[in-house]
Amino acid sequence: MAARFDYPQAQEIRAAFARRGVRYLFIGKSGAILLGFPDTTQDADLFVEKTAVNGEALAKALLELGFELTPEQVAEIRRGKDFVQLKNGPFDLDLVFAPDGIETFAEAWERRVEVDGFPVCHPDDIVASKEAANRVKDRESLPRLKAFRDYWKKKR
Amino acid sequence: MDAHPQSEIQNLQLAEWETEFAAAAKRPLAVRMHYAFIRTYKPVLDDASYRSFETMAEYRAWCEKNLPKWLGYGRSL
């Protein structure tokens, strides 16, 4: 089993993705946690821009981080399949190229929030994606997440 | 008449959450993250080292079909 995701792993992502120029945003509950949401999660979710250049940079950054990717997997990541789940590296990572509830990466990027150099989706986008996904676990966490979004906006 | 009307319960819940948000805001990011990310085994989901889906709809359908309902990845229990 890979290491538990923690602050040092987030720093590794930030450094490797910056070196390669990868355009990405933390999304989902991991994004909300970066913004200050006090809750627990098991996965780090990254919303990655779906372009050929970004896919190429992302694949290189993941290999550099120690993910053991086959040539076929590298090709899929370069191409940007909508959802890629990685459990073959130093920590687990979910790559989302087309999250539910968000129209385009460019729009989410415009609204992003920087937290200690980490690019994070705006809480409105995090809430919108969870509303659109509408899974049981999303419905359970949404009331508190929306309360956090409102609190966060009030304190800005 | 209810001893605790729904709106009063909601207000109490909101106040409790806001206290938690305020407390969290005082903690450094590294501390928040250290206690936020946990590891527990998720059957089926954790049993492959790599998965990819052409569309989110395909991923959602796979979750509905293959994951235990109690994991909460489906749209109904």
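Residues numbered from 1 in each chain as written. Chains lettered and ligands numbered in written order. Predicted model: local features only at pLDDT ≥ 70, side-chain atom pairs only at ≥ 80, totals over all residues.

## Notes on the overall build of chain B
How we decide: Helix numbers and strand numbers start at the N terminus; a helix is a DSSP run of H or I with at least 4 residues, a strand a run of E with at least 2. Based on C-alpha atoms, the radius of gyration is set beside the globule rule, defined as 2.2 Å times the residue count to the power 0.38. Burial is judged by counting other C-beta atoms within 10 Å of a residue's own C-beta: 20 or more means buried, 12 or fewer means exposed, and anything between counts as partly exposed, with every C-beta placed from the backbone.
The helix and strand tally for chain B stands at 3 helices and 1 strand. Helices (α) and strands (β) of chain B occur, in sequence order from the N terminus, as α-α-β-α. Here the C-alpha atoms of chain B give a radius of gyration of 19 Å, more than 25% beyond the 11 Å that 2.2 N^0.38 yields for 77 residues. Looking at chain B as a whole, 10% of its 77 residues are labelled buried.

## Details of the domain arrangement of chain B
Here is the rule: Where a domain begins and ends is set by an automatic assignment or by a domain database.
Examined at the domain level, chain B breaks down into domain 1 (1-34) and domain 2 (39-77). Centre-to-centre, using C-alpha coordinates, domain 1 of chain B lies 30 Å away from domain 2 of chain B.

## Describing the interface of chain A and chain B
Think of interface size as the accessible area that goes away when the parts come together; that is how it is often given. Heads up, the condition is: C-beta atoms are first placed from the backbone for all residues, and any pair lying within 7 Å is then listed as a contact. Residue classes follow a fixed rule: Ala, Val, Leu, Ile, Met, Phe, Trp, Tyr, Cys and Pro count as nonpolar, while Asp, Glu, Lys and Arg count as charged, and any other residue, Gly among them, counts as polar. Strand pairing requires that DSSP identify at least two bridges connecting the strands.
Contacts between chain A and chain B engage 36 residues on the former and 34 residues on the latter. Where the side of chain A that touches chain B is concerned, the elements lending two or more residues are α1 (7-20), α4 (71-79), β3 (83-86) and α7 (136-155) of chain A. Counting residues per element, the side of chain A that touches chain B draws most heavily on α7(A), at 7 residues. Of the residues assigned to the side of chain A that touches chain B, the class counts are 15 nonpolar, 8 polar and 13 charged. As defined by bridge partners, β3(A) adjoins strand β1 (residues 50-53) of chain B across 4 bridges and the pair is classed as antiparallel. The partner of A:Phe83 across the bridge, within β1(B), is B:Phe53.

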